[in-house]
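Fold and geometry: a report
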Amino acid sequence: MPKFKVLKEGVNQELIKQTHQKIKSFIQELFHENEVIEVDGTYSFTFGTVSVNVRVLPWHSEDVLVEVFSYVAEEIELSPSVMEELLRLNATTHFGAFGITFDNSVVFSYSIAGANLDFNEFAAAVQTVATVADSYDELLKEFNV
């Protein structure tokens, strides 16, 4: 049996609240005033031609997830060549991954544990999603032409 603890189901509301407070302070360090908006617990900012979002999600009784994500391309035809390209990108992208939503939008997301979240982890996640999404949004749209 492994030495790590088994994750227990449950939602830790206090940890969700604490993680939101951490994120707010990190956002103040990373952005100028009024560059980030918060709606229903999701923080959003624009980078190049994409919008990047940050939200805190329940994970288990002792931790939460901080998900940083961006819609990279919407309403594109998911041909075999597009899906193959997304899989190849996932194989070479160090952090985060491309995915497909229920309405065939392409997203790029990067999730990290929130209980011990530090500034460097958060900044890396935000910078990675912003850079990757802005770099690949036009490329993926070209597959539809």
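What counts, and at which threshold
Residues numbered from 1 in each chain as written. Predicted model: local features only at pLDDT ≥ 70, side-chain atom pairs only at ≥ 80, totals over all residues. Heavy atoms only, no water. Helix = DSSP H or I, 4+ residues; strand = E, 2+ residues; numbered from the N terminus. Expected span 1.5 Å × (residues − 1). Contact = heavy atoms within 4.5 Å. Pairing = 2+ DSSP bridges. Axes fitted to C-alpha atoms, helices over the stretch in contact; angles between N-to-C directions. Salt bridge = Lys/Arg side-chain N within 4 Å of Asp/Glu carboxyl O. Buried < 20%, exposed > 50% of the residue type's maximum accessible area, 1.4 Å probe, protein only. UniProt positions renumbered as here; feature names shortened; annotations may be inferred. Parallel < 35°, antiparallel > 145°, perpendicular 65-115°, else oblique. Left-handed = near helix turned anticlockwise from the far one by under 90°. Nonpolar A, V, L, I, M, F, W, Y, C, P; charged D, E, K, R; others polar.

1. Remarks on helix α2 (residues 80-92)
End to end, α2 covers 19 Å across 13 residues, agreeing with the expected 18 Å (1.5 Å per residue, within 8%). Contacts made by the buried residues of α2 are with β5 (97-100), β6 (106-113) and α3 (119-142).

2. Concerning the sheet that holds strand β3 (residues 50-60)
Strand pairing within a sheet occurs via backbone hydrogen bonds; the two strands may be parallel or antiparallel. Strand order in the open sheet formed by six strands is β1-β2-β3-β4-β6-β5, and the pairing between neighbours is antiparallel. Edge positions in the sheet fall to β1 (37-39) and β5, since each of these pairs with one other strand and no more. When strand polarity is set aside, the average angle formed by the axes of neighbouring strands in this sheet is 35°. Bridge count between strand β4 (residues 63-73) and β6: eight bridges; the pairing is antiparallel. In the sheet register, E67 faces β6, and the bridge partner there is S111. Relative to β5, α2 is tilted by about 150°, and along the sheet it contacts β5 and β6.

3. Observations regarding the side chain of D137
Topologically, D137 is positioned in helix α3. In contact with D137, not counting residues within four places along its chain, are T49, V50 and V72.

4. Section: the pattern of salt bridges
Applying the stated criterion to the full structure yields four salt bridges. For the salt bridge of E62 with K5, the shortest nitrogen-to-oxygen distance reads 2.7 Å. Taken together, the residues span a long stretch of sequence, with E62 in the loop between β3 and β4 and K5 in the segment before α1 (13-30) at a distance of 57 residues. Relative accessible area serves as the criterion here: at 39%, E62 is assigned to the partly exposed category. For K5, a relative accessible area of 60% gives the class exposed. Note that E38 is salt-bridged to K24, the shortest N-O span being 3.7 Å. Residue E38 is located in strand β1, and its partner K24 is located in helix α1; the two are separated by 14 residues in the primary sequence. In this structure E38 comes out as partly exposed when scored by relative accessible area, which is 41%.

5. Examining the UniProt feature "domain: TY-Chap central" (unreviewed entry) in the protein
Per the UniProt record, "domain: TY-Chap central" (unreviewed entry) is annotated on residues 19-141. Taken end to end, residues 19-141 comprises 39% helix and 35% strand; its first and last C-alpha atoms sit 35 Å apart.

6. Thoughts on the packing of α1 against α3
When two helices pack together, their arrangement is given by the angle between the helix axes and by the axis-to-axis distance. As a packed pair, α1 and α3 sit with axes 10 Å apart at the nearest point and diverge in direction by 65°. When the axes of α1 and α3 are compared, the pair comes out roughly perpendicular. Considering how the two elements wind past one another, α1 and α3 form a crossing that is right-handed. Across the interface between the two elements, I23, F26, I27, E29 and L30 from α1 touch F119, F122 and A123 from α3. Tallied by class, the residues present in the contact of α1 with α3 amount to seven nonpolar, no polar and one charged.

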